[in-house]
Every structure is written in structure tokens, then in C-alpha cells.
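Topology and contacts: notes
What follows is the residue order along each chain.
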Amino acid sequence: GAVVSQHPSRVICKSGTSVKIECRSLDFQATTMFWYRQFPKQSLMLMATSNEGSKATYEQGVEKDKFLINHASLTLSTLTVTSAHPEDSSFYICSARDFTSGDGEQFFGPGTRLTVL
Amino acid sequence: SQKIEQNSEALNIQEGKTATLTCNYTNYSPAYLQWYRQDPGRGPVFLLLIRENEKEKRKERLKVTFDTTLKQSLFHITASQPADSATYLCALISGNTPLVFGKGTRLSVIA
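What this report covers is the structure whose coordinates are included nearby. (Residues numbered from 1 in each chain as written. Chains lettered and ligands numbered in written order. Predicted model: local features only at pLDDT ≥ 70, side-chain atom pairs only at ≥ 80, totals over all residues. Heavy atoms only, no water.)

What follows concerns the sheet that holds strand β3 (residues 19-26) of chain B. Residue and element names in this part refer to chain B. Across the sheet, five strands lie side by side as β1-β3-β8-β7-β6; this open sheet has antiparallel pairing. The open sheet is flanked by β1 (3-6) and β6 (56-59), the only strands paired with a single partner. Across the sheet, the mean angle from the axis of one strand to that of its neighbour is 15°, orientation sign disregarded. (Pairing = 2+ DSSP bridges. Helix = DSSP H or I, 4+ residues; strand = E, 2+ residues; numbered from the N terminus. Axes fitted to C-alpha atoms, helices over the stretch in contact; angles between N-to-C directions.)

Below you can see the structure in the form of C-alpha cells.
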């Protein structure tokens, strides 16, 4: 299947700092990428849909000024958690759909564990 | 309201048996369903996609069925092994909605 990478895999930061997470589709182009958040023992919650060349679409309750998304190319989307606080500590996972070889199966990155002290 | 439910939060089975996981949905007309495996601290790994006009799909020891009348998908792992222990997620796409996930079933295969 298609490969989605994420970087970094783990980050620890101080409260008030900003953290950038990168998501890349390695062997296909993705006009749309998705950002999810997962708390322990819970399912994935969609935060936003990232569209190449346009603004992201945020789910209800997700602050767009806090979670900045940029989808600058067909293979790269970034999520920046601005002025991070301990309650932002979570597992962030990006995803993209590959329409080139199938029905648009959705593939996920390995995730980024964010810990805010 | 729209719901996607995986009946069992956890399922324990003996090695060698067939594990069957259930996914039911309400008030969706999914174009297709996808099943994923997730290990602790990792992102979901895509396993199988089944379209609304397909009854069954297989991949090695995995089999997925899709019954649009019952609004249900079943996910089977035959000849289960301890290495199959993980959380399995079902997810559907309906219209233009992004992928919607169930809460997952944590499968434990006991040697």
C-alpha cells in the first residue's frame, strides 16, 4: 500500500512554545490530507481536512488559530500547534487518500506523540 | 443520529480459532468500508477496503463481508495467531464525508 510518513515521531516541549509536525505522502500525490488526534484508549478524532493550495476545513470545536495547517504541495501538509499547553498533549496522526491505484484507500502516518510540559 | 459501532470493546480468543469482529452503522449510506489494524503508539495500518456493491473480500487470512441490508460489516481472521493481537478499527466513507471511525475492538489471541 501507499506510504505516509510523519516527522517527528515524538516531541516534548515546554508550555507556550509552538510545535510543527510534517506529513508526507511518499509514493503518491494527495490533494487532500487529514489530521487526526487520538487520546489514550479512544478512537481517532478528525481535527481538520487539509486541501492543497487552499484553506483547511476544521471540525467543530477545533480552534483553527491554535492548530495551523498548511498544505503547500501535493505531498506535504504541516500541522503547527501554536502556544502549546499540557492539554494539547496527545497522539497526532495524519492521513491521505490514494486515488491513483484503487478506490481511494486512506493511509495513515505512524503518528506523532506530543508531550507538553 | 449517525453512528458507527463496533460491538465488542475487547475480544479474547484461542490461537488457531477464527476471530470475528462486527461493525454496525446507522443512518449512513457508505460507499465503502475500510478496516485497519492499530498497535499501541502507532498509526492505523490499512488492511482491506470493501465497496457497497461487494459482498465479500479476502486477503490472505483476512475476510471482510459487507451487508448493506443489515448495515453491517464482519471482519474475520482465520487461524489466528498471537501476533494478530491488536486493536481493529472499522471506518466508512459516505458521500463526501471524511472517513468516520468506530471505537475499535481490542483483540487478544491467547497461545
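All names here are of chain A. Relative to the helices and strands, H71 is located in strand β7 (residues 67-73). A polar contact of 3.2 Å, which involves the side chain of H71, links it to the backbone oxygen of A30. H71 has contacts with A30, T31, T32, M33, S50, N51, E52, G53, L76 and S77, leaving out every residue within four places of it along the chain. (Polar contact = N/O pair within 3.5 Å; in protein donor to acceptor, adjacent residues only side chain to side chain. Contact = heavy atoms within 4.5 Å.)

Now for the sheet that holds strand β8 (residues 76-81) of chain A. Residues and elements named next belong to chain A. Pairing is antiparallel across the open sheet formed by four strands, whose spatial order is β1-β3-β8-β7. Looking along the sheet, the strands with just one partner apiece sit at the ends: β1 (4-7) and β7. Along the sheet, successive strands turn relative to each other by an average axial angle of 15°, direction set aside. As defined by bridge partners, β7 adjoins β8 across five bridges and the pair is classed as antiparallel. Within β8, the position partnered with N70 by the bridge is T78.

Moving on, we come to the nonpolar core. Judged by nonpolar contacts, the single largest core of 41 residues is most densely connected at Y36, F108 and L114 of chain A together with Y36, L99 and F101 of chain B. When residues in this core are grouped by element, the largest group, five residues, is from strand β9 (residues 90-98) of chain A. Formed by 23 residues, the second largest nonpolar core is a distinct cluster that contains A19, I50, V64 and Y88 of chain B. (Core = buried A, V, L, I, M, F, W, Y, C linked by side-chain atoms within 4.5 Å. Buried < 20%, exposed > 50% of the residue type's maximum accessible area, 1.4 Å probe, protein only.)

Scanning the entire structure with this criterion turns up 11 aromatic pairs over all chains. Ring geometry for F108 of chain A against F101 of chain B: centres 5.6 Å apart, planes inclined by 65°, an arrangement best described as edge-to-face. On the criterion of chain membership, the pair formed by F108 of chain A in strand β10 (residues 105-108) and F101 of chain B in strand β10 (residues 100-101) is interchain, its members lying in two chains. Grouping residues by exposure puts F108 of chain A and F101 of chain B together as buried. With 5.9 Å between their ring centres and 75° between their planes, Y36 of chain B and F46 of chain B make a pair best called edge-to-face. (Phe/Tyr/Trp six-rings, centres within 6.5 Å; stacked < 30°, edge-to-face > 60°.)

These figures come from the coordinates and say nothing about function on their own.
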